[in-house]
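Observations on the three-dimensional arrangement
Chain by chain, the residues run as shown.
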Amino acid sequence: MKVTAERLENCQMELTVELDEERVEQELRRVAQRVSKQRRIRGFRPGKAPYDVVLRLFGRKALLVEALEDLARAVFNEAREKEGIEPFAGPELIDFQDEPVILRFMVPVAPVVELGDYRQLRLTPPEVSVSEEKVEAALKRIQIQHGQWQPVERPARLGDQAIVDIESTVEGEVVLHSQEQALRLEAESHYPLPGFSEQLVGMTIGQDREFDLTYPENSANKKLAGKKGHFKVHLHDLKELVLPELNDDLAKTVGDFDTFDELKAEVRDSLLTEAQQQAESRFANEVLTTLVERARIEFPPVLLERELDSLLEEEERALKQRAGLNLDNWLKLQKKSKEEYRDELRPRAIERLKRGLILNKVVELEGITVEDAEVKAQIERLSSSFGQQADKARQIFSSPESMRSIALDLLADKALRRLVAIARGEVPE
């Protein structure tokens, strides 16, 4: 058996194996006997037809094709051991020649990740602060949350809550009929159409008003897109939001605060904590992005296809949770094929794959480990968020596959935190 191995780009190797004629003859005879048992050959009992007869009836190439699956597996394993090749994934038989018998395999090999002197990476973390404007805006939101709607006798204004009957017709056909519906009159509102709230400004309780609005070209109902709708509105009731004063009484209502200053300090601290978390997340992303740009990373195509498969599964789960759609139905609405969408996801999959490979390499180089106790603690944290279903969730998370996935996530998180510490200059040489 003659074996030739050639290293190609993208972490692949082409393995060419030429078989000795004696080995080929043995395989042909073995397959010929099996064929003579499985197929009726006139004049011979099952399994008793001579080799020459079977060869003449079916032909050499047909017998070789019959033997190919078992032969390729055995030949590849022998060639792999002979050349000392460690496949990253299963090989693909890409060519077959029958005289002489030559098999060509494409073999994925392990990814290459070279980080260089990553321990010299230094980046400046962002400074975090909270402006007085953000604090005032947060306090304003609290004030609005604790406001009360109170009836008014004046004409309607933006910001009011109106109780209305609405009827909309398009080309004489009723397309919307709603009675005593509560609406917040806001310029940003698109219900039932953009500009509707503004049309109600100035109405008084008991008044009727008619006006026309055009349905947008991107309307969800394609039959109405671009058409003029005639609206009839009757105003039943009107309320305005009365806000409490920003004082100690409001602070006591909001929580365990004695004074407004205590509430304001808590709001500032919460905003600062949130800003710090966001800044740390952005900084970690910057560190990893910088390392991706500096590193030399190669991987076999099969690894990218796996990442794309994973992304597609995640997208489908998100679609089901968000819109109750499976991926195929969503793609029909988007007028895309699965392959087109797969190609759209490719850049994202490549970036995610590179980041994952870098974190795996950091785990290896830094000797990062995860203990069983850490995995169990994470399972408890995850399970507790399921409330009454915590026990069931705990059983699911405790399966060997889930525990392995959790351990890998913890390793990646530790690796990223180590890289952030390195970039900050907090890790000793």
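This text gives an overview of the structure that appears in the document. (Residues numbered from 1 in each chain as written. Predicted model: local features only at pLDDT ≥ 70, side-chain atom pairs only at ≥ 80, totals over all residues. Heavy atoms only, no water.)

As a further point, take the sheet that holds strand β1 (residues 2-8). Pairing within the open sheet is antiparallel, and its 4 strands lie in the order β1-β2-β4-β3. The sheet is open, and its two edges are formed by β1 and β3 (92-98), each paired on a single side. Ignoring which end each strand starts from, the neighbouring axes of this sheet average 15° apart. Direction of pairing for β1 relative to strand β2 (residues 12-18): antiparallel, over a ladder of 7 bridges. Residue pairing in the sheet places R7 in a bridge with M13 of β2. (Pairing = 2+ DSSP bridges. Helix = DSSP H or I, 4+ residues; strand = E, 2+ residues; numbered from the N terminus. Axes fitted to C-alpha atoms, helices over the stretch in contact; angles between N-to-C directions.)

Okay, the environment of G255 next. Residue position: G255 is located in the loop between α6 (248-254) and α7 (260-294). The class for G255 is partly exposed, based on a relative accessible area of 29%. A C-alpha to C-alpha distance of 53 Å links G255 and G116, two positions 139 residues apart in sequence. (Buried < 20%, exposed > 50% of the residue type's maximum accessible area, 1.4 Å probe, protein only.)

What follows concerns unusual backbone geometry. P100 follows E99 through a cis peptide bond whose omega is -10°. Mapped onto the secondary structure, P100 falls in the loop between β3 and β4 (101-108). Following Y191, the chain continues to P192 via a peptide bond in cis, the omega torsion being -10°. Looking at where P192 falls in the secondary structure, it is placed in the loop between β8 (173-184) and α5 (196-200). The phi angle at N10 is positive, at roughly 60°, despite the residue not being glycine. With respect to the helices and strands, N10 occurs in the loop between β1 and β2.

Below, the discussion takes up the packing of helix α4 (residues 132-145) against α7. Put simply, α4 and α7 touch, their axes get as near as 10 Å, and they point 115° apart. Two packed elements cross with a definite hand, and for α4 against α7 that hand is right-handed. Across the interface between the two elements, E132, K134, V135, E136, A138, L139 and I142 of α4 pack against F260, L263, K264, V267, R268 and L271 of α7. Considered class by class, the residues forming the contact of α4 with α7 number 8 nonpolar, no polar and 5 charged. (Left-handed = near helix turned anticlockwise from the far one by under 90°. Contact = heavy atoms within 4.5 Å. Nonpolar A, V, L, I, M, F, W, Y, C, P; charged D, E, K, R; others polar.)

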